[in-house]
Amino acid sequence: MPSESQSDGPKIGRTIATGGGASVAEAEWLGGPVLVLAANDARAIVALKGAHLLSWSLPALGEQLWLSAVSRLDQDRPPRGGIPICWPWFGPHPDDADQPAHGFARRAPWLLRAATAEAGVARVTLELDPDATKRAQWPFAAEAVLDIALDAGGLSLALTTRNLGTADLPLSQALHTYFRVADIAAVAVDGLDGCDYVDKLDDGRVKRQAGDVTFGAELDRIYFGATASLAVRDRIEGRRTDIASSGSGSAVVWNPWIAKSERLGDMGPDGYRTMACVETANAGPDARRIPAGGQHRLAVRYTVQQIAD
Ligand code: TA6
């Protein structure tokens, strides 16, 4: 259930691009600056802090992403929900426990580099503030650019990392998407049957998935191998969200369930019941090394179909 401030919606300001049934506008929401992308009757809201996509709604089908009722942009920790950007490492820092989980990019300012609206597509390009990598005392030089494109049929994101240094760049990352679902007990993730995964709740043991992924307790897995075409199937909503990725050989599936939700403290009451994370990633065995001067593009496109059960 969105909080009062969320149900107020963003306070729209200056339109910065418009045309062809699409637009991009500046706005304020949850205590910070955001951009509102519209394409026909689809809408997306992305915060400049963390390049954090907070909302994606479709006509008739409504809001597609889960965002906790306590999410704010004017507090230290990133909003719980939407699509946090985990970069330049996924999970805990490989060897420094003092570093923030999931990297520093989701806590840092991003700069708007371009905004276009034409032929039914609203598109923004955001760049991680170059000073952020220095402030993080990260011993590498890299550029991170996120492209977001919204059209009536779907939502696309592409995160491109360019190694500006002279040594190889170790990179693990994820588009950490929280999908809104009617009830986690009636949700399945299709496309992972036969796929190996790292079970983060069982000392990282590698196991093999049999059938669709369903949820009945805390689940935290890094699937690796054939993860380029997945789907979240919500039986109660009668909806299938297709997830088509590129530049990714791993997908993280997560639900904190009850005890972990209480430890996290910002899931809201029973929040775990109405969310499922399926994250397009380069994580676990799929972590990458980008050679000096090289680049890597992690991309995903979400489309939604109504389905009979
Ligand atoms: O992607 C799953 C995960 O790595 C879980 O282990 C849990 O930590 C989740 O991310 C959320 O992490 P956060 O740092 O946003 O609380």
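Structure: above.
Residues numbered from 1 in each chain as written. Predicted model: local features only at pLDDT ≥ 70, side-chain atom pairs only at ≥ 80, totals over all residues. Heavy atoms only, no water.

Asker: So what exactly am I meant to see when it comes to the pairing of strand β25 (residues 295–306) here?
Answerer: Residues in a regular strand project their side chains so that they alternate between the two faces of the sheet. By the bridge criterion, 9 bridges tie strand β11 (residues 154–163) to β25 in an arrangement that is antiparallel. For Arg162, the partnering residue across the bridge sits in β25 and is Gln295. Sheet analysis places strand β21 (residues 239–246) next to β25, joined by 8 bridges and oriented antiparallel. By the bridge assignment for β25, Arg240 is matched with Gln305. (Pairing = 2+ DSSP bridges. Helix = DSSP H or I, 4+ residues; strand = E, 2+ residues; numbered from the N terminus.)

Asker: When you look at the sheet that holds strand β10 (residues 142–151) in this model, what are you seeing that I'm missing?
Answerer: Two pairing modes exist for strands in a sheet, parallel and antiparallel, and in both the strands are linked by backbone hydrogen bonds. Taken in spatial order, the 9 strands line up as β8-β9-β10-β11-β25-β21-β20-β15-β18 in an open sheet, and their pairing is antiparallel. Strand pairing shows two members of the sheet lacking a second neighbour, β8 (110–118) and β18 (213–214), which therefore form its edges.

Asker: It is not clear to me how the pairing of strand β19 (residues 219–224) should be interpreted in this structure. Could you clarify?
Answerer: β19 sits mainly inside the fold: 5 of its 6 residues count as buried. In this sheet, β19 lies alongside strand β16 (residues 196–199) in antiparallel orientation, the contact comprising 4 bridges. Considered in β19, the bridge of Asp196 is made with Phe224. Sheet topology note: the β19/strand β22 (residues 250–255) ladder contains 6 bridges and is antiparallel. Across the sheet, the residue bridging to Tyr223 is Ala251, located in β22. (Buried < 20%, exposed > 50% of the residue type's maximum accessible area, 1.4 Å probe, protein only.)

Asker: I'm lost on the side chain of His52 in this one. Help?
Answerer: Along the polypeptide, His52 turns up in strand β5 (residues 52–58). Relative accessible area serves as the criterion here: at 1%, His52 is assigned to the buried category. Ignoring sequence-local partners within four residues, the contact set of His52 consists of Ile45, Val46, Ala47, Pro79, Gly81, Gly82, Ile83 and Pro84. (Contact = heavy atoms within 4.5 Å.)

Asker: Mind showing me how you'd approach the nonpolar core here?
Answerer: Taken as a class, soluble globular proteins show a tendency for nonpolar side chains to be buried jointly. Ranked by size, the top nonpolar core spans 73 residues in total, and within it Leu37, Trp87, Trp110 and Leu157 carry the most contacts. Ranked by residue count, the leading element in this core is β10, at 5 residues. Ignoring any residue separated from it by four or fewer positions in sequence, one finds Leu157 in contact with Leu53, Ile83, Leu146, Asp147, Ile148, Leu175, Leu298, Ala299, Val300 and Tyr302. Counting 10 residues, the second-largest nonpolar core is a separate cluster that includes Ala27, Trp29, Val36 and Ile45. (Core = buried A, V, L, I, M, F, W, Y, C linked by side-chain atoms within 4.5 Å.)

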